[in-house]
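This is what each chain is made of:
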Amino acid sequence: QVQLVESGGGLVQAGASLRLSCAASGRTFSTYAMGWFRQAPGKEREFVSAITRSGRSRSTYYADLVKGRFTISRDDAKNTVYLQMDSLKPEDTAVYYCAADPNILPTTVTGPRYWGQGTQVTVSS
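Worth saying up front: this structure is predicted, and the values here are computed from it rather than measured. (Residues numbered from 1 in each chain as written. Predicted model: local features only at pLDDT ≥ 70, side-chain atom pairs only at ≥ 80, totals over all residues. Heavy atoms only, no water.)

Chemist: Can you lay out the layout of surface pockets for me, pointing to particular residues and giving the numbers?
Modeler: Its boundaries defined by the atoms lining it, the largest pocket holds a volume of some 170 Å³. Across the lining of the largest pocket, the residue classes tally to 3 nonpolar, 2 polar and 8 charged. (1 Å grid on protein atoms, 1.4 Å probe; cavity = no way out; pocket = protein on both sides within 12 Å on 5 of 7 lines; lining within 4 Å. Points joined across faces, edges and corners; volume = space filled by probe spheres on them. Nonpolar A, V, L, I, M, F, W, Y, C, P; charged D, E, K, R; others polar.)

Chemist: Give a description of the state of the cysteines that names residues and reports values.
Modeler: Counting across every chain of the model gives 1 disulfide. A sulfur-sulfur separation of 2.1 Å characterises the disulfide bridge that pairs Cys22 with Cys98. Taking the sign of the S-S torsion, -80° for the link of Cys22 and Cys98, the bridge is left-handed. Of this pair, Cys22 sits in strand 3 (residues 18-24) while Cys98 sits in strand 9 (residues 94-101), and the two are 76 residues apart along the sequence. The residues Cys22 and Cys98 share a single accessibility class, namely buried. (Disulfide = S-S within 2.5 Å. Helix = DSSP H or I, 4+ residues; strand = E, 2+ residues; numbered from the N terminus. Buried < 20%, exposed > 50% of the residue type's maximum accessible area, 1.4 Å probe, protein only.)

Chemist: Any chance you could break down the pairing of strand 4 (residues 33-39) for me, citing the residues and the numbers?
Modeler: Summarising burial for strand 4: 6 of the 7 residues are buried, a large majority. Here strand 4 runs beside strand 5 (residues 46-51); their pairing, made up of 5 bridges, is antiparallel. By the bridge assignment for strand 5, Gly35 is matched with Ala50. Hairpin remark: strand 4 followed by strand 5, antiparallel, with 6 residues in the connecting loop; positive phi at Gly42, about 75°. (Pairing = 2+ DSSP bridges.)

Chemist: Quick rundown of the side chain of Thr119? Include the residues and the values.
Modeler: Counting through the fold element by element, Thr119 comes out in strand 11 (residues 119-124). Overall, Thr119 belongs to the buried group, its relative accessible area being 10%. A polar atom in the side chain of Thr119 sits 3.2 Å from the backbone nitrogen of Gly9. Once residues lying within four places of it in the same chain are set aside, the contact partners of Thr119 are Glu6, Ser7, Gly8, Gly9, Leu20, Ala94, Val95 and Tyr96. (Polar contact = N/O pair within 3.5 Å; in protein donor to acceptor, adjacent residues only side chain to side chain. Contact = heavy atoms within 4.5 Å.)

Honestly, that's just the spatial picture; any functional story needs more than this.
And the structure:
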């Protein structure tokens, strides 16, 4: 069982930056692939970014809409995954969710076994 708690959301102006954090419980964090998703009002939850579990190589993945602006990273010593969001746009406004899975890379909403409760990000124009 893994519990995920997101933090770092808030209200910012367009062009600003935010860093989201997702703290995970448990001793096996390094064995989980991690992902970020978001859900805007009236829209379906969508993939944002993912990072493979720790190992010799660590790969990252991004949705086209955020590529070049968002950066995912993880600190296994702190059981935390981050999402650095730069050059924020009003269309990035959404609730951002952290997800984890021990077997698959979280790139689809039906995949991850564990989800956090979400953190609100609001970008004003």
